[in-house]
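# A closer look at the structure
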Amino acid sequence: MPHATDTAPRAGEHVDGYEVPVLDEHAVRIAAGILLAIGITALTITLASDSIRPLQMFEPSQVWCRILLS
């Protein structure tokens, strides 16, 4: 039986003592911070301009913006 990590896309690197690939927490936090900054900027532009176009990259949030702007 093949191991799950053999067929699935792999993220992270192998570290002795762990069975699963390990991600760099610092890089993950930086990526989350960048995404948060983009989201806050898009939300601010949306609320200021009454257009939901800046939030198209965050598809589920459009529903909330339509509720807030109506």
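So, how was this worked out
- Residues numbered from 1 in each chain as written.
- Predicted model: local features only at pLDDT ≥ 70, side-chain atom pairs only at ≥ 80, totals over all residues.
- Heavy atoms only, no water.
- Helix = DSSP H or I, 4+ residues; strand = E, 2+ residues; numbered from the N terminus.
- Buried < 20%, exposed > 50% of the residue type's maximum accessible area, 1.4 Å probe, protein only.
- Contact = heavy atoms within 4.5 Å.
- pLDDT = per-residue confidence, 0-100.
- Patch = residues over 30% accessible without salt bridge, like charges linked within 9 Å, V, L, I, M, F, W, Y side chains within 5 Å.
- Areas by Shrake-Rupley, 256 points an atom, 1.4 Å probe, with all protein chains shown as cover.
- Salt bridge = Lys/Arg side-chain N within 4 Å of Asp/Glu carboxyl O.

### Focus: the environment of G39
Within the secondary structure, G39 sits in helix α2 (residues 25–49). Among the residues examined, G39 registers a relative accessible area of 18% and is labelled buried. G39 has contacts with L55 and F58, leaving out every residue within four places of it along the chain.

### Some words on the confidence of the model for the protein
Should the pLDDT be low somewhere, the predicted coordinates at that spot are not to be read in detail. Confidence in the prediction for the protein averages 80 pLDDT; 77% of positions are at 70 or higher. Of all secondary-structure elements in the protein, the lowest mean pLDDT belongs to helix α1 (residues 4–7), at 58, while α2 reaches the highest, 91.

### A closer look at a nonpolar patch on the surface
A cluster of nonpolar side chains, I30, I34, I38 and M57, forms an exposed patch at the surface whose accessible area comes to about 380 Å². Along the chain, M57 falls in the loop between α2 and α3 (61–69).

### Topic: unusual backbone geometry
If you check the backbone angles, D50 has positive phi at about 55 degrees while not being a glycine. As for its placement among the helices and strands, D50 is situated in the loop between α2 and α3.

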